[in-house]
Amino acid sequence: MASNALGRVYADGETIVTQGEAGDCMFTLQEGRLEVLVTLPGRPPKRVAVMEKGAIFGEMAIFEREVRSATVRALGEARVLTIDKKNFLRRIQEDPTLAFTLVKMMSQRIRHLTLGVGERRVGPQGPRTDGPERRRL
Amino acid sequence: MTAPSSFLGPLARLRGRAARRDGSLALQDGSRVGVIGGGPAGSFFTIFLLAMADSLGLDLRVDIFEPRFFTHRGPAGCNHCGGIVSESLVQMLAAEGINLPPSVVQQGIDSYILHTDVGDVRIQSPRDEKRIAAVYRGNGPRESEPVEVAGFDRHLLDLSASQGARVVRKMAQSVEWIDGRPRVTCPDGSATDFDLLVVATGVNSQAMNLFSDAAHRFAAPATQRTFICEFRLGADVVRATFGTSMHVFLLDIPRLGFAAIVPKGEFVTLCLLGDDLDETLVENFLRSAEVQRCFPGGTIPPLACHCYPRINVEAATRPFGDRIVWIGDSGVARLYKDGIGSAYRTAKAAAKTAVFSGVSTEDFRRHFWPACRALDVDNMIARVVFGVTHLIQHSSVLRRGVVRMTAREQAQAGSDGQMSSVLWDTFTGSAPYRDILKRTMRPQFPVMLAWNVIAGSLPFGGASRRGRNHGE
Ligand SMILES: Cc1cc2nc3c(=O)[nH]c(=O)nc-3n(C[C@H](O)[C@H](O)[C@H](O)COP(=O)(O)OP(=O)(O)OC[C@H]3O[C@@H](n4cnc5c(N)ncnc54)[C@H](O)[C@@H]3O)c2cc1C
């Protein structure tokens, strides 16, 4: 990965976000792929999504004061840029349209999720657990 | 880039109301928008205008007049600037879905090194991450290899074109008003009438003369002469010597304001701001020991490319009228910092106004001007911040205190870094000047500074030169 590029490079398997931790930023995936893992009590972590270049994640920490709902790890080398909560919220006050891209992305995720639920009910091959950006973080 | 139409439903209704109220002064399906200048302001405007219009199902035709291809090396292909895309702008663009690829970013910056005669100190990015981009505005300096440099301006202009704008590779030579609509004529005689004209010509061309027409009560912004040059050192030397840091200088040289060296691939770019900037000031700066020791062997290499561009230092008067708006440097910009970020803000405010409200004087006054006014008011506070910086620059006692306080903060992991954050935001333009000033007014700040000034002045009071070697 180019050493001049923006963001921070994570090695294969390195954790970017840990489920249960408090967050004060969101992220954009600049290069590479990331996996989203969810751990339910008493169960091993389960991959629920794979994110590709351009994905924005961790945005729930911007709008809520909840802990991270999933763990995100690099799948191969990945380059990630952080967006600070304080900075972002301040700019949204001045320019609410800044939230459009996020709102659009979140609505796409809900659509995928709804389709996923439908598939699970009626799909011939049973539930799929993998798929881009299926789960909100 | 498009937003969900359901979310915009109420805004679409608002727009409809505006269209009815103002009649012909709202953009309609098929309206033509002319943008003079394809620098950051012109491109940002176009990108946001087309995305917002698309989300409302409004079909607009946009022509961007830009004679530069941004593919020539040297000044002819470049929009003359330090090429720092600020930390806050990098983040906002990423949140908008506009990412800067490695081909555009010559160097990701993660730290600043402050050079003074009493020591140097490194200020690390608060997140230990490269979130500032050093870019070329054109296709690299005159003497660069014929490499595939993707300049920042070209990248944004290509994005505008990919959204449906037509890039007209011509200069706008004259603007006339025909039945209340602007007509732009090019040197080849071709003329086009528009429903809205957006002026994004910056302050480094004669374009402001196009608008001497007093009917708009527009007065061009005040500007100041600056200096930029490039030194070719080779990529390995640049990496080893300048690393991933921007180098800023606080030196007691008469008339010198701000000075910075930015690493970019095989070159470093030097930017100088100052009063009545001339060759003598440039020479005095390059002759100083603090600057010379930044270069390998203490020798300043020959200039590969240089120019004396102008910078916006005071807002234009009334940068809007019926069917016309001035954005970016030709309107209002942040004083000495983040000009590209100002171009983004004013361009977006103008695009929002045009799509959601209308294109009359009143629409721009109510919806566009507040964004400009906010920058303008912050610039007044900036003058206070720079006044204090000026004091520090010319007082070795204060300089020692500042360097000492910063070096100590940087050495302590987990410290809240009051001086570091003030300097970081002052140099990077990451926060409004109002916020920076507020932070310096917290009671601990002057107390800590006073203590460091006293300690730094004592013969054994904490090694004022500890900052040398970048505060490590
Ligand atoms: C020394 C110096 C260092 C700087 N460093 C930085 C920095 O590091 N970071 C930062 O954010 N800002 C910096 N700036 C400020 C920054 O360069 C400007 O704020 C920014 O370029 C403004 O963008 P703009 O699109 O308004 O104008 P410009 O970038 O000037 O673009 C104007 C465009 O209009 C075109 N044009 C002009 N006349 C016509 C015409 N008649 N017809 C058609 N096209 C026309 C030009 O070809 C040009 O492409 C610096 C400025 C200076 C002087």
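Criteria and cut-off values
Residue numbering note: each chain is counted from 1, following its sequence as written. The lettering of chains begins at A and the numbering of ligands begins at 1, in the order of writing. In view of the model being predicted, local features appear only for residues whose pLDDT reaches at least 70, and side-chain atom pairs are presented and counted only at 80 or more, with totals across whole chains, interfaces and linings using the full set of residues. Processing note: side-chain calculations cover all non-hydrogen atoms of the structure and skip hydrogens and water entirely. The criterion used for residue contact is that any of the two residues' heavy atoms lie within 4.5 Å. Simply put, the buried area is the total loss of 1.4 Å probe accessible area from both parts when two parts are fitted together. Each salt bridge in this description consists of a side-chain nitrogen of Lys or Arg and a carboxyl oxygen of Asp or Glu lying within 4 Å of one another. Buried, partly exposed and exposed residues are distinguished by accessible area as a fraction of the type maximum, computed with a 1.4 Å probe on protein chains only: under 20%, between the cut-offs, and over 50%, respectively. Numbering goes from the N terminus for both helices and strands, where a helix is a DSSP run of H or I of at least four residues and a strand is a run of E of at least two. Between any two strands, pairing holds if DSSP finds at least two bridges. On a range of 0 to 100, pLDDT expresses the predictor's confidence in each residue. Nearness of a residue to a molecule or strand requires only that one of the residue's heavy atoms be within 4 Å of it. N or O atoms within 3.5 Å of each other form a polar contact, as long as, within protein, one can give a hydrogen and the other can take it, and as long as residues adjacent in sequence are counted only when both atoms are side-chain atoms. The Shrake-Rupley method, run with a 1.4 Å probe sphere, supplies the accessible areas, and residue values consider only the shown protein chains as cover. Residues were grouped as follows: Ala, Val, Leu, Ile, Met, Phe, Trp, Tyr, Cys and Pro as nonpolar; Asp, Glu, Lys and Arg as charged; and all remaining residues, including Gly, as polar. Joining through side-chain atoms within 4.5 Å is the link that ties buried Ala, Val, Leu, Ile, Met, Phe, Trp, Tyr and Cys residues into a set, and such a set is a nonpolar core. A fitted line through C-alpha atoms represents every axis, and for helices the fit uses only the stretch in contact; the resulting angles, taken between N-to-C directions, go from 0 to 180 degrees. For Phe, Tyr and Trp, where Trp contributes only its six-membered ring, two rings pair if their centres lie within 6.5 Å, and the inter-plane angle classes them as stacked under 30 degrees, edge-to-face over 60, or tilted in between. Note on angle classes: values under 35 degrees are labelled roughly parallel, values over 145 roughly antiparallel, values of 65 to 115 roughly perpendicular, and the remainder oblique.

Visitor: Sorry, what's going on with the interface of chain B and chain A here?
Guide: Quoted interface sizes are often the accessible area lost when the parts come together. Counting residues at the interface gives 38 residues for chain B and 34 residues for chain A. Taking both partners together, chain B and chain A bury about 3000 Å²; carbon and sulfur atoms supply 52% of that area. It is Met 92, Ala 95 and Arg 127 of chain B in chain B that bury the most area against chain A; as a group they hold 18% of the surface buried on that side. The residue Arg 345 of chain B makes a salt bridge to Glu 94 of chain A at a minimum N-O spacing of 3.4 Å.

Visitor: Which parts of the structure should I look at to understand the pairing of strand E4 (residues 105-109) of chain B?
Guide: Consecutive side chains along a regular strand alternate between the two faces of the sheet. Residues and elements named next belong to chain B. Within E4, five of the five residues are buried, leaving the element largely enclosed by the surrounding structure. Alignment of E4 against strand E7 (residues 132-135), held across four bridges, turns out to be antiparallel. Looking across to E7, one finds that Val 105 is bridged to Val 135.

Visitor: Where do I start with the confidence of the model for chain B in this structure?
Guide: For any part of a model where pLDDT is low, the fine detail of the predicted coordinates should not be relied upon. All names here are of chain B. Averaged over all residues, the pLDDT of chain B equals 88, while 87% of them reach at least 70. Segment residues 1-14 is flagged for pLDDT under 50; beyond a separation of four residues in sequence, or across chains, it makes 28 contacts in the model. Reported for the predicted complex are a pTM of 0.90 and an ipTM of 0.85.

Visitor: Just to check I follow, could you spell out the environment of Met 51 of chain A for this structure?
Guide: Looking at the secondary structure, you find Met 51 of chain A in strand E4 (residues 46-51). Along the sequence, Met 51 of chain A and Ile 62 of chain A sit eleven residues apart, while their C-alpha atoms lie 19 Å from each other.

Visitor: Help me out: how do you make sense of helix H3 (residues 87-95) of chain B in this one?
Guide: Residues separated by three or four positions in an α-helix point in the same direction, a consequence of the helix having 3.6 residues per turn. Most of H3 of chain B sits inside the fold, with nine of its nine residues counted as buried. Positive phi shows up at Gly 97 of chain B, right after H3 of chain B, with a value of about 90°.

Visitor: Can you walk me through the site of the ligand in this structure?
Guide: Residues and elements named next belong to chain B. Taken together, 34 residues form the shell around the ligand, and within it Glu 66, Ile 84, Arg 137, Asp 329 and Ile 340 come nearest. Between an oxygen atom of the ligand and a side-chain N or O atom of Glu 66, the distance comes to 2.5 Å. Residue Ser 205 places a side-chain N or O atom 3.0 Å away from a nitrogen atom belonging to the ligand. Against a free-state accessible area of 1000 Å², the protein chains account for coverage of 92% of the ligand. A class-by-class count of the residues in the shell around the ligand yields 17 nonpolar, eleven polar and six charged.

Visitor: I'm lost on the nonpolar core in this one. Help?
Guide: Side chains of nonpolar character tend, in soluble globular proteins, to be buried together. Ranked by internal contacts, the top residues of the largest apolar core, which has 73 residues, are Phe 88 of chain A together with Phe 45, Leu 49 and Ile 327 of chain B. Counting 38 residues, the second-largest nonpolar core is a separate cluster that includes Phe 386, Ala 407, Leu 437 and Val 453 of chain B.

Visitor: Looking at this model, I keep getting lost on the sheet that holds strand E10 (residues 181-185) of chain B. Mind explaining?
Guide: Either a parallel or an antiparallel arrangement is found when strands of a sheet pair, and the pairing is made through backbone hydrogen bonds. All names here are of chain B. Here we have three strands laid out as an open sheet, ordered E9-E10-E11, and antiparallel in their pairing. The sheet terminates laterally at strand E9 (174-178) and strand E11 (191-193), the two strands that pair on one side only. Taken over all neighbouring pairs, the strand axes of this sheet differ in orientation by 25° on average, direction set aside. Of the strand pairs in this sheet, E9 and E10 are connected by five bridges, and their pairing is antiparallel. Looking at E10, one finds that Glu 176 is bridged to Arg 183.

Visitor: What exactly am I supposed to notice about the packing of aromatic side chains here?
Guide: In this description, an aromatic ring pair is defined by two values, namely the gap between the centres and the angle between the planes. All names here are of chain B. Summed over the entire model, instances satisfying the criterion amount to 18 aromatic pairs over all chains. Here the aromatic rings of Phe 231 and Phe 295 are separated by 5.3 Å at their centres, their planes lie at 75°, and the arrangement is edge-to-face. With Phe 231 in strand E14 (residues 227-232) and Phe 295 in the loop between helix H7 (289-292) and strand E18 (303-307), this pair connects stretches of sequence that are 64 residues apart. Considering the side-chain rings of Phe 364 and Phe 368, the 6.1 Å spacing of their centres and the 85° angle between planes classify their relative orientation as edge-to-face. One end of the pair, Phe 364, and the other, Phe 368, are both in helix H9 (residues 361-393), four residues apart, so they sit about a helical turn from each other.

Visitor: Teacher, can you tell me more about the side chain of Thr 269 of chain B here?
Guide: Residue and element names in this part refer to chain B. In this fold, Thr 269 is placed in strand E17 (residues 267-274). When its relative accessible area of 0% is taken as the criterion, Thr 269 is described as buried. Looking at Thr 269, its side chain comes within polar contact range of the side chain of Glu 230, at 2.5 Å. A distance of 3.2 Å separates a polar atom in the side chain of Thr 269 from a polar atom in the side chain of Lys 264.

Visitor: Help me understand the packing of helix H10 (residues 396-411) of chain B against helix H11 (residues 418-428) of chain B in this model?
Guide: Axes are the key here: two packed helices are described by the angle between their axes and the distance separating the axes. Residue and element names in this part refer to chain B. Contact pair H10 / H11: the axes reach a minimum separation of 7 Å and the direction vectors enclose 110°. Looking at the two axes, H10 sits roughly perpendicular to H11. Side by side, H10 and H11 meet where Val 402, Met 405, Thr 406, Glu 409 and Gln 410 of the first sit next to Gln 418, Met 419, Ser 420 and Leu 423 of the second. By residue class, the composition of the contact of H10 with H11 is four nonpolar, four polar and one charged.

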